[in-house]
Amino acid sequence: MAYKKITIDPITRLEGHGKIEIFLDDKGNVAHACIQIPELRGYERFAVGRLAEEMPRITETICGVCPTAHHTCSGKTLDDLYGVEPPAAARKIREFVYNAFMFEDHNLHFYFLGGPDFIVGPDAPKAERNILGVIGKVGIEIGKKVIDIRKRTRNIIETMGGRVIHPVHCLPGGVSKPMTKEIQEEFKKTAEDSVEFAKFSLQAFADIVLANKTYVDLIVGDIYKHQTYYMGLVDDNNKINFYDGWIRVVDPEGKEFAKFKVKDYLDHIAEGVESWTYIKFPYLKKVGWKGFVDGKNSGVYRVAPLGRLNASDGMATPLAQGYYEKFYETLGGKPAHNTLATHWARLIEAMQAAETMVQLINDPEILDTNVRNMDFQTPKQGIGVIEAPRGTLFHHYETDDKGVLTKANLIVATVNNSAAINMSVEKAARSLIKNGQVNDGLLNMVEMAFRAYDPCMACATHTINGHVPLQIDIYNADKEIIKTLKTV
Amino acid sequence: MKKTLIYGMGNPYRCDDTIGLKIAEILKKDIKNKTVTIKSGSIDGLAMLDEIIGFDKVILVDSINTKSGMPGDVYKIELDSITSNSSLAASHTIDFITALRMGKKFGYKMPEKIYVYAVEIKDNDTFSEECTEQVSASIPEVVKRIIDEVDE
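These numbers were taken from a predicted model, which means no experiment stands behind them.

**Things to note about the packing of aromatic side chains**
(1) Moving on: Within this structure, the stated rule accounts for 24 aromatic pairs over all chains.
(2) Moving on: Consider the rings of A:Tyr324 and A:Tyr328, whose centres lie 5.0 Å apart with planes at 70 degrees: the pair is edge-to-face. Remark: A:Tyr328 and A:Tyr324 occur in helix 12 (residues 318-331); sequence separation between them is four residues, near one turn of the helix. Accessibility classification places A:Tyr324 together with A:Tyr328 in one group, the buried group.
(3) Moving on: When the ring of B:Phe106 is compared with that of B:Tyr108, the centres are 5.5 Å apart and the planes differ by 75 degrees; the resulting orientation is edge-to-face.
(4) Moving on: Connected via pairs of aromatic rings, a cluster forms that spans A:Phe103, A:Phe110, A:Tyr111, A:Phe197, A:Phe200, A:Phe205, A:Tyr324, A:Phe327, A:Tyr328 and A:Trp344.
(5) Moving on: The positively charged end of A:Lys145 is found above the aromatic ring belonging to A:Phe200, 4.2 Å away from the centroid.

In structure tokens, the structure reads:
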């Protein structure tokens, strides 16, 4: 069968470089589509032979976007490796900084990455589908408000973490410094303002997206829907927790399928490989890998905001819980399989992060100066987990008795979603591209399928490459380019 | 007194991508002028906007890949000649040019002059804290040019 090949490479508004390929049959309909994501590219091997205590500083350079997630997860992994429990104040400082990071990162996605699709519109001219288009739509004053709260929450990371991009506060058994009363007072205000900002964002989502029938139809429609398993960290009451807890998995009907501690993750998660990409495809071991298909018999699971909401019994804070209830009421019950609803779930999580910041910063114990437990045991193996903005993140280190790494395994958030992202891209492409009709607007709607996951492709380099970030090549059956579309 | 920011960019574990960081570290030792602030890191366009507000002049030091350049070639690039597509920052957020446009739109005090010293690189895939030989050889030249510029 003759087919055309469409390549989107690299993808706009994503960390790193990825490539979408869409293969059309001779009638111009989608035969197959996939996304290739370069991932990690050797960090696990690079780590071997280094001291484990360097890992919080090394792994956070995987990505310029979610370094705090890698740093904190690595710190937790070192706690396990050295058999130490951080003092209460240290844990609270870590959690406070981490929730500030979650809040900031989720807002970044809504206003800068996913937001343009909805705030400006999925079929708006490409030159307007960016932050400047968002500002044009919502106004300069609101734009400044976004920048201001982002700067202030990042200041929390910088103050406690030493650096905003690659913080250094997490050490095995605690953190590098205690919190002072003066800093606490400043952060109380930031935390309270974060709650107000989260309310504002959720109202903006209601006004701009939920009040628009076309957008709601897009969210609940079949184009962006997959019935998969879901995974996320929950506390003892099955409420969402970003920092620690049980890893809970629910099936496509919402029933609890598994609940385990991270030390047992290899009993539940396996990683498959495909010949056409070097990214791994994690799946539920007890269900098995059945390929890129959804349903109860397929081990494909999803993480990130939608996955976390589905895998939990609710939010851990009161205001977020109210929005959570509205979320499922609107989407017709639980679990919600609507990929684009991830944007909404993200804002509800931002609310929980802000409320958690308020709780933690007002806890007198956070000022305790005992922030390090150095009763280290001889290292052998450490396993840690955290909920990164983009989903569940696993770090697993093995060392000799001097703490020199002999093995490292990282399952990063985007990788957990890699099978689902491929499925979503293919389904959107099949639904939207018909009879050879391929235009920029349609391709953006295909991109929306994976942008909802907020995937991080971790190029982790900053070389000025001079390349156009989005190029679509259309090939004929002889692999000759017959048309090139350039976005941006 | 006019204030200058020098910012070295790069990933510390990606071979030639470390060039901006290495140059910034040398400049931190060699430049004593108190009107000059020297920083380094791996930073996105939006975060860079936070960094540059309030400075009169900004010098970025980064790696670059061009089609015809040779490893170690040094370019001084006026900001206007870089398109907003160039990944001067992580594409996950926004590029630096877009961040600048946003800053101007918001009425922030933006630097009068912004330019980039960029070194043509050979390898930013290999995990290494060291640059390749050809790229390392360019470091003295870039350091000297930036020091001369600051002294002007």
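**Brief notes about the packing of helix 15 (residues 418-432) of chain A against helix 16 (residues 440-451) of chain A**
Residues and elements named next belong to chain A.
(1) Moving on: Two numbers describe how helix 15 lies on helix 16: the axes approach to 8 Å, and their chain directions differ by 155 degrees. By the angle between their axes, helix 15 is roughly antiparallel relative to helix 16. Regarding helix 15 and helix 16, the two cross each other, and that crossing is right-handed. Counted together, Ile421, Ser424, Val425, Ala428, Ala429 and Leu432 of helix 15 and Leu442, Met445, Val446, Ala449 and Phe450 of helix 16 form the full contact between these two elements.
(2) Moving on: Classifying every residue of the contact of helix 15 with helix 16 gives ten nonpolar, one polar and no charged.

**A closer look at the sheet that holds strand 7 (residues 246-250) of chain A**
All names here are of chain A.
(1) Moving on: With mixed pairing, the four strands of this open sheet are ordered in space as 8-7-6-11. Strand pairing shows two members of the sheet lacking a second neighbour, strand 8 (256-260) and strand 11 (301-302), which therefore form its edges.
(2) Moving on: Direction of pairing for strand 7 relative to strand 8: antiparallel, over a ladder of four bridges. Bridged to Ile247 within strand 8 is Phe260.
(3) Moving on: Each of strand 6 (229-234), strand 7 and strand 11 touches helix 11 (residues 304-311); the most contacted strand, strand 6, lies at about 80 degrees to it.

**Comments concerning the packing of helix 7 (residues 140-161) of chain A against helix 8 (residues 181-210) of chain A**
In a pair of packed helices, the angle between the axes and the distance between the axes together describe the arrangement.
Residues and elements named next belong to chain A.
(1) Moving on: Following both chains from N to C, one finds helix 7 and helix 8 inclined at 140 degrees, their axes separated by 10 Å at the closest point. For the crossing formed where helix 7 meets helix 8, the hand is left-handed. Seen from helix 7, the contacting residues are Ile142, Lys145, Val146, Ile149, Arg152, Thr153, Asn155, Ile156, Thr159 and Met160; seen from helix 8, they are Ile183, Glu186, Phe187, Lys189, Thr190, Asp193, Ser194, Phe197 and Phe200.
(2) Moving on: Among the residues forming the contact of helix 7 with helix 8, the class breakdown is nine nonpolar, five polar and five charged.

**Structural notes on the confidence of the model for chain A**
Residue and element names in this part refer to chain A.
(1) Moving on: Overall, the prediction assigns chain A a mean pLDDT of 87, with 88% of residues at 70 or greater.
(2) Moving on: In the model, residues 8-16 has pLDDT below 50 throughout and makes 65 contacts with residues more than four positions away in sequence or in other chains.
(3) Moving on: Under a pLDDT of 50 for its full length, residues 458-474 has, in the predicted model, 99 contacts with residues more than four places off or in other chains.

**Details of the sheet that holds strand 12 (residues 381-388) of chain A**
All names here are of chain A.
(1) Moving on: The three strands lie next to each other as 12-13-14, forming an open sheet whose pairing is antiparallel. What marks the edges here is a single partner per strand, and that holds for strand 12 and strand 14 (405-411). Looking at each pair of strands side by side, their axes are set apart by 10 degrees on average, direction ignored.
(2) Moving on: Both strand 13 (residues 391-399) and strand 14 contribute to a ladder of six bridges, which runs antiparallel. Residue Thr399 lies in a different strand from strand 14, and its bridge partner there is Leu405.

**Considering the confidence of the model for chain B**
(1) Moving on: Averaged over all residues, the pLDDT of chain B is 86; the fraction at 70 or higher stands at 90%.
(2) Moving on: Scored below 50 in pLDDT, residues 84-92 of chain B shows 41 contacts in the model against residues more than four places distant or in partner chains.

**A closer look at helix 12 of chain A**
Residue and element names in this part refer to chain A.
(1) Moving on: The end-to-end C-alpha separation of helix 12 is 20 Å, in line with the 20 Å expected for 14 residues at 1.5 Å each.
(2) Moving on: Residues of helix 12 that are buried sit in contact with helix 9 (213-220), helix 11 and helix 13 (342-361).
(3) Moving on: The positive-phi residue at the C-terminal boundary of helix 12 is Gly332, with phi of around 85 degrees.

**Points about helix 7 of chain A**
Residues and elements named next belong to chain A.
(1) Moving on: Taking 1.5 Å of rise per residue, 22 residues should cover 32 Å, and helix 7 covers 31 Å from first to last C-alpha, within 8% of that figure.
(2) Moving on: Looking at helix 7, one finds that the buried residues are Gly143, Val146, Ile147, Ile149, Arg150, Thr153, Arg154, Ile156, Ile157, Thr159, Met160 and Gly161.
(3) Moving on: At the C-terminal side of helix 7, Gly162 shows a positive phi close to 85 degrees.

**Regarding the pattern of salt bridges**
Residue and element names in this part refer to chain A.
(1) Moving on: Across all of its chains, the model carries 38 salt bridges over all chains by this definition.
(2) Moving on: A salt bridge links Arg308 to Glu387; the nearest nitrogen and oxygen atoms lie 2.7 Å apart. A residue pair is termed long-range when its members are at least 10 positions apart, and Arg308 in helix 11 and Glu387 in strand 12 qualify at 79 residues.
(3) Moving on: For Glu387, a relative accessible area of 0% gives the class buried.
(4) Moving on: In the salt-bridge network here, residues are joined through shared partners; they are Lys76, Arg91, Glu95 and Asp244.

**Digging into unusual backbone geometry**
(1) Moving on: Omega for the bond connecting A:Lys334 with A:Pro335 falls within 30 degrees of zero, at 0 degrees, which places this linkage in the cis form.
(2) Moving on: You will see that A:Ala304, though not glycine, has its phi angle at about 85 degrees, which is positive.
(3) Moving on: Tracing the chain through its elements places A:Ala304 in helix 11.
(4) Moving on: Phi is positive for B:Cys15, close to 50 degrees, though the residue is something other than glycine.
(5) Moving on: Among the structural elements, B:Cys15 can be located in the loop between strand 1 (4-9) and helix 1 (19-30).
(6) Moving on: The exposure class assigned to B:Cys15 is buried, which follows from its relative accessible area of 5%.

Cut-offs used in this document
- Residues numbered from 1 in each chain as written.
- Chains lettered and ligands numbered in written order.
- Predicted model: local features only at pLDDT ≥ 70, side-chain atom pairs only at ≥ 80, totals over all residues.
- Heavy atoms only, no water.
- Phe/Tyr/Trp six-rings, centres within 6.5 Å; stacked < 30°, edge-to-face > 60°.
- Helix = DSSP H or I, 4+ residues; strand = E, 2+ residues; numbered from the N terminus.
- Buried < 20%, exposed > 50% of the residue type's maximum accessible area, 1.4 Å probe, protein only.
- Lys NZ or Arg CZ within 6 Å of the ring centre and 35° of its normal.
- Axes fitted to C-alpha atoms, helices over the stretch in contact; angles between N-to-C directions.
- Parallel < 35°, antiparallel > 145°, perpendicular 65-115°, else oblique.
- Left-handed = near helix turned anticlockwise from the far one by under 90°.
- Contact = heavy atoms within 4.5 Å.
- Nonpolar A, V, L, I, M, F, W, Y, C, P; charged D, E, K, R; others polar.
- Pairing = 2+ DSSP bridges.
- pLDDT = per-residue confidence, 0-100.
- Expected span 1.5 Å × (residues − 1).
- Salt bridge = Lys/Arg side-chain N within 4 Å of Asp/Glu carboxyl O.

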